[in-house]
Amino acid sequence: MTLRVLLADDHAMFRSGMRAVLETQPDLLCVAEVGDGHEAVAETLRLRPDVAILDVRMPRLDGLAATEAILAAPGNVTRVLVLTTYDNDDYVYRALRAGASGFLLKSLPPEEMASAIRVAARGDALIDPSVTRRLIARFTTSIEPTAVPADFERLTSREREVLLLLADARSNAEIAVALHVGEETVKTHVSRILAKLSLRDRVHAVVYAHLNGLAGTPPR
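Okay, so let's go over this structure. (Residues numbered from 1 in each chain as written. Predicted model: local features only at pLDDT ≥ 70, side-chain atom pairs only at ≥ 80, totals over all residues. Heavy atoms only, no water.)

**Re the overall build of the protein chain**
1) Next: For the protein chain, the count of helices and strands is 10 helices and five strands.
2) Next: Within the protein chain, contacts between residues at least 6 apart in sequence are counted, and of these 67% link residues at least 24 apart. (Helix = DSSP H or I, 4+ residues; strand = E, 2+ residues; numbered from the N terminus. Contact = heavy atoms within 4.5 Å.)

Structural data, given as structure tokens:
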């Protein structure tokens, strides 16, 4: 299956380089290039690509505001990857709260960028584990514990265990080792957690756990 990709960046040279990368991949197709956030929103909603890659800093409307607009649009099917030259926790936090599927640095090697597009398209999230752990530290120190949300009660005891391990920024492989199960079993649990809690992907499961004061608590 060919994945349709939209590129949004105000630097034509960078867009050309990204397009060249996509053209080397048989399963990736660039359907549009735009130079500002307003165009990114309009063209994403018109073309409905599988993945939109948005730079944070763009004229007229920045990439974070564009991400919010795209993902809030009724019937949206596009996954968004946010790009920047800055490893900035505020950018990451806002992008993830908006619903972005990944936050990537422009210095990422081309082959990893292509891989990130595939990861986002299949509904997973891509974010550097060190950044995830910094965000967790931020949540832990800035958010007051809240009552356990009602939808959490819909999870089985094993699903709760998996969610809390996700909140600790564990990979599927690490969760499998911790629970003495196979990785495919972990993937099944993660899928069920996301469905029951109406979450987009595993990073948003981390956000959910910390916003609701669940991280660091023993499973029930």
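**Section: the sheet that holds strand E4 (residues 79–84)**
1) Next: One open sheet holds the five strands; their spatial order is E2-E1-E3-E4-E5, and the pairing between them is parallel. Every interior strand has two partners, whereas the edge strands, strand E2 (28–34) and strand E5 (102–105), have only one. Taking each pair of neighbouring strands and ignoring which way they run, the sheet shows an average axis angle of 25°.
2) Next: Bridging between E4 and E5 involves four bridges; their strand directions are parallel. Bridge pairing links Val 82 to Phe 103 in E5.
3) Next: Seen against the sheet, helix H1 (residues 12–23) touches strand E1 (3–8), E2, strand E3 (51–55) and E4 and runs at an angle of roughly 165° to E2.
4) Next: Running at roughly 140° to E2, helix H2 (residues 37–47) makes contact with E1, E2 and E3 of the sheet. (Pairing = 2+ DSSP bridges. Axes fitted to C-alpha atoms, helices over the stretch in contact; angles between N-to-C directions.)

**Observations regarding unusual backbone geometry**
1) Next: Positioned with a positive phi, Arg 60 is a non-glycine residue whose angle comes to about 70°.
2) Next: With respect to the element layout, Arg 60 can be found in the loop between E3 and helix H3 (63–72).
3) Next: The class for Arg 60 is exposed, based on a relative accessible area of 60%.
4) Next: One non-glycine residue with positive phi stands out, namely Ser 198, at about 55°.
5) Next: Of note, Ser 198 is situated in the loop between helix H9 (183–197) and helix H10 (202–211).
6) Next: For Ser 198, a relative accessible area of 68% gives the class exposed. (Buried < 20%, exposed > 50% of the residue type's maximum accessible area, 1.4 Å probe, protein only.)

**Quick look at the nonpolar core**
1) Next: Ala 8, Leu 54, Val 82 and Phe 103 are the most contacted members of the largest nonpolar core, which totals 24 residues.
2) Next: Residue assignment for this core shows that the elements contributing at least two residues are E1, E2, H2, E3, H3, E4 and helix H4 (89–98).
3) Next: Judged by nonpolar contacts, the second largest core, of 21 residues, contains Leu 165, Ala 176, Val 190 and Ala 205. (Core = buried A, V, L, I, M, F, W, Y, C linked by side-chain atoms within 4.5 Å.)

**Regarding the packing of aromatic side chains**
By convention here, two paired aromatic rings are described through the distance between centres and the angle between planes.
1) Next: Within the structure shown, the criterion is met by zero aromatic pairs.
2) Next: In this structure, Lys 106 packs its charged tip against the face of Phe 14, placed 4.6 Å from the ring centre. (Phe/Tyr/Trp six-rings, centres within 6.5 Å; stacked < 30°, edge-to-face > 60°. Lys NZ or Arg CZ within 6 Å of the ring centre and 35° of its normal.)

**Regarding the packing of helix H8 (residues 172–179) against H9**
1) Next: Interaxial distance between H8 and H9 falls to 9 Å at its minimum, and their mutual angle equals 105°. Classified by the interaxial angle, the pair formed by H8 and H9 is roughly perpendicular. For the pair H8 and H9, contact is made by Asn 172, Ala 173, Ile 175 and Ala 176 and by Glu 183, Val 186, Lys 187 and Val 190, respectively.
2) Next: Looking at the contact of H8 with H9 residue by residue, the classes come out as five nonpolar, one polar and two charged. (Parallel < 35°, antiparallel > 145°, perpendicular 65-115°, else oblique. Nonpolar A, V, L, I, M, F, W, Y, C, P; charged D, E, K, R; others polar.)

**Observations concerning H2**
1) Next: Three or more residues of H2 are buried, namely Gly 37, Ala 40, Val 41, Thr 44 and Leu 47. Burial along H2 is one-sided: seen end-on, the buried residues are contained in an arc of 160°.
2) Next: The inward-facing, buried residues of H2 contact E1, E2, E3 and H3.
3) Next: A positive phi of about 50° marks Arg 48, the residue just after H2. (Arc of directions from axis to C-beta.)

**Observations concerning the packing of helix H7 (residues 157–167) against H10**
1) Next: Taken N-terminus to C-terminus, the directions of H7 and H10 make an angle of 95°; their axes are 8 Å apart at the nearest point. One finds that H7 runs roughly perpendicular with respect to H10. The segment H7 lies against H10, with Leu 163, Leu 166 and Ala 167 engaging Arg 202, Ala 205, Val 206, Tyr 208, Ala 209 and His 210.
2) Next: A per-class count over the contact of H7 with H10 returns seven nonpolar, one polar and one charged.

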